[in-house]
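# What the coordinates show
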Amino acid sequence: MTTRGPLIDTAVDPPGQFNTVKPQEFDPGQTNLVQAAWLNGIGCPTAATIAIPNATFTGVGGFATFTDTACLTGDPNDQRNQGLLLVKTGPTSNFAAATAELINVKGIMLTELGYDIRKLGATASPTGSHCGAGAPRFNVVTSDGVVHFTGCNSPPATMQTPSATGWIRLRWDVVGLAAAVPPMLSTDTVNRIVIVFDEVKDAPGGPDQFGAAILDNIDVNTLLVGHGATDAS
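The following refers to the structure shown. (Residues numbered from 1 in each chain as written. Predicted model: local features only at pLDDT ≥ 70, side-chain atom pairs only at ≥ 80, totals over all residues. Heavy atoms only, no water.)

## What about the overall build of the protein?
- A tally of regular secondary structure across the protein gives 1 helix and 14 strands.
- Taken over C-alpha atoms, the radius of gyration comes to 18 Å for the protein, in line with the 17 Å a tight globule of 233 residues would show.
- Principal axes of the C-alpha set define a box for the protein whose edges measure 65 × 40 × 35 Å.
- Carbon and sulfur atoms form 59% of the exposed surface of the protein, whose accessible area is close to 10,900 Å². (Helix = DSSP H or I, 4+ residues; strand = E, 2+ residues; numbered from the N terminus. Rg over C-alpha atoms; globule rule 2.2 N^0.38 Å. Areas by Shrake-Rupley, 256 points an atom, 1.4 Å probe, with all protein chains shown as cover.)

## Things to note about the nonpolar core
- One finds Val21, Leu102, Leu110, Tyr115, Phe138, Ile193 and Ile218 to be the most contacted residues of the largest nonpolar core, which totals 35 residues.
- Contributions of two or more residues to this core are made by strand E2 (34-39), strand E5 (83-88), strand E6 (97-103), strand E7 (112-117), strand E8 (137-142), strand E11 (168-173), strand E12 (190-197) and strand E13 (212-220).
- The residues touching leucine 102, leaving out its near neighbours within four places in the chain, are Phe18, Thr20, Val21, Phe138, Ile193, Ile195, Ile218 and Val220.
- The next biggest cluster of nonpolar side chains, apart from the first, holds 6 residues, and it includes Cys44, Cys71, Trp167 and Ile214. (Core = buried A, V, L, I, M, F, W, Y, C linked by side-chain atoms within 4.5 Å. Buried < 20%, exposed > 50% of the residue type's maximum accessible area, 1.4 Å probe, protein only. Contact = heavy atoms within 4.5 Å.)

## Topic: the environment of proline 162
- If you trace the backbone, proline 162 turns up in strand E10 (residues 159-162).
- A relative accessible area of 41% means that proline 162 is categorised as partly exposed.
- The spacing of proline 162 and glycine 59 is 103 residues in sequence and 33 Å in space, taken between C-alpha atoms.
- Residues contacting proline 162, with those up to four places away along its chain left out, are Thr69, Ala70, Gly121, Trp167 and Ile168.

## Brief notes about the pairing of E6
- Most of E6 sits inside the fold, with 7 of its 7 residues counted as buried.
- Residues Ala97, Thr99, Glu101 and Ile103 of E6 are buried on one face, and the alternating residues Ala98, Ala100 and Leu102, pointing to the opposite face, are buried as well.
- Summarising the sheet, E6 and E12 pair through 5 bridges and their orientation is antiparallel. From the neighbouring strand, glutamate 101 faces E12, where its bridge partner is valine 194. (Pairing = 2+ DSSP bridges.)

## Here we look at a nonpolar patch on the surface
- Together, Ile50, Ile52 and Phe66 give the surface a local cluster of nonpolar side chains, amounting to about 210 Å² of exposed area.
- Take phenylalanine 66: it is sitting in strand E4 (residues 60-66).
- Taking the relative accessible area as the measure of exposure, phenylalanine 66 reaches 32% and is therefore partly exposed. (Patch = residues over 30% accessible without salt bridge, like charges linked within 9 Å, V, L, I, M, F, W, Y side chains within 5 Å. Salt bridge = Lys/Arg side-chain N within 4 Å of Asp/Glu carboxyl O.)

## Some details on the side chain of histidine 130
- Mapping histidine 130 onto the fold places it in the loop between E7 and E8.
- Using a relative accessible area of 0% as the deciding quantity, one classes histidine 130 as buried.

## Quick look at the environment of glycine 151
- Inspection of the secondary structure puts glycine 151 in the loop between strand E9 (147-150) and E10.
- The class of glycine 151 is buried, set by a relative accessible area of 2%.
- For the pair glycine 151 and isoleucine 195, spaced 44 residues apart in sequence, the C-alpha to C-alpha distance is 9.5 Å.
- Sequence-distant contacts of glycine 151, that is, excluding residues within four places in its chain, are made with Gly132, Ala133, Pro136, Arg137 and Trp172.

## Notes on the packing of aromatic side chains
- What the rule picks out here adds up to 4 aromatic pairs.
- Residues tyrosine 115 and tryptophan 172 carry aromatic rings whose centres are separated by 5.9 Å and whose planes lie at 65° to one another, so their mutual orientation is edge-to-face. Here tryptophan 172 lies in strand E11 and tyrosine 115 lies in strand E7, a separation of 57 residues in the sequence.
- A relative accessible area of 0% means that tryptophan 172 is categorised as buried. (Phe/Tyr/Trp six-rings, centres within 6.5 Å; stacked < 30°, edge-to-face > 60°.)

## Some points on the sheet that holds E9
- With respect to topology, 5 strands assemble into an open sheet ordered E1-E6-E12-E8-E9, the strand pairing being antiparallel. Two strands bound the open sheet, and with one partner strand each, they are strand E1 (20-26) and E9. Adjacent strand axes in the sheet meet at a mean angle of 25°, parallel and antiparallel pairs treated alike. (Axes fitted to C-alpha atoms, helices over the stretch in contact; angles between N-to-C directions.)

## Considering the state of the cysteines
- Enumeration over the complete set of coordinates arrives at 2 disulfides.
- A sulfur-sulfur separation of 1.9 Å characterises the disulfide bridge that pairs cysteine 131 with cysteine 152. Measuring the twist about the S-S bond at about -95°, one finds the cysteine 131-cysteine 152 disulfide to be left-handed. Separated by 21 residues along the polypeptide, cysteine 131 in the loop between E7 and E8 and cysteine 152 in the loop between E9 and E10 bring together distant segments of the chain.
- Here the cysteine-cysteine linkages of the protein are recorded as 1-2, 3-4, numbering only bonded cysteines and doing so in sequence order. (Disulfide = S-S within 2.5 Å.)

Here you go:
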């Protein structure tokens with residue numbers, strides 16, 4: 001699956017300084033069956049403020065902080081607990097995808113790649129976000145023009161941190177990236193990275209057949225992006 005690259009002003013956004021994830025829809029047939037968007041309030045909470053009800057449950061009695069154990073660290077610039085929603089409706093065979101372009105990654109070499117996904121227990125769980133062999137996946141294009149695929153559960157993330165409250169932190173280190181299809185080496189130079197969500201029914205790749213996923217804290221070499229413009233079409 002290919003997508004049109006966003007315009008980049010190198011004076012403002014120099015390549016190699018990852019700081020933005022831009023949602024997009026690949027829908028050449030104009031089917032209106034895919035959506036990609038950052039939304040407030042759906043991300044993995046890190047030091048979030050929660051309201052405690054008063055004794056009579058008629059109002060707020062106080063406040064506390066809450067951090068999901070899957071995301072003890074998060075994007076420090078995320079002020080509204082945003083999450084990245086990726087949705088595909090209808091059959092997988094529809095030539096369309098929800099995507100997200102990682103900005104300012106050209107010229108780097110990868111040592112870590114990942115995201116947090118709203119899902120309970122393990123990547124093979126049928127509950128929560130869709131997490132198949134092919135979606136949501138990273139399409140990493142290296143300087144030699146080769147596209148390397150890393151899916152949500154294929155190859156398995158080398159670091160998995162689940163929580164009891166519905167999130168899993170997935171990270172692929174150099175060993176995990178070497179298991180990509182085709183393998184990616186730590187000496188490969190990145191030209192482009194896109195997250196692609198184009199599955200609905202996922203019998204070959206996992207037990208879930210949900211067609212939607214919520215991601216957060218997109219990780220490139222330990223730099224986290226967990227927010228973006230909330231301008232869904």
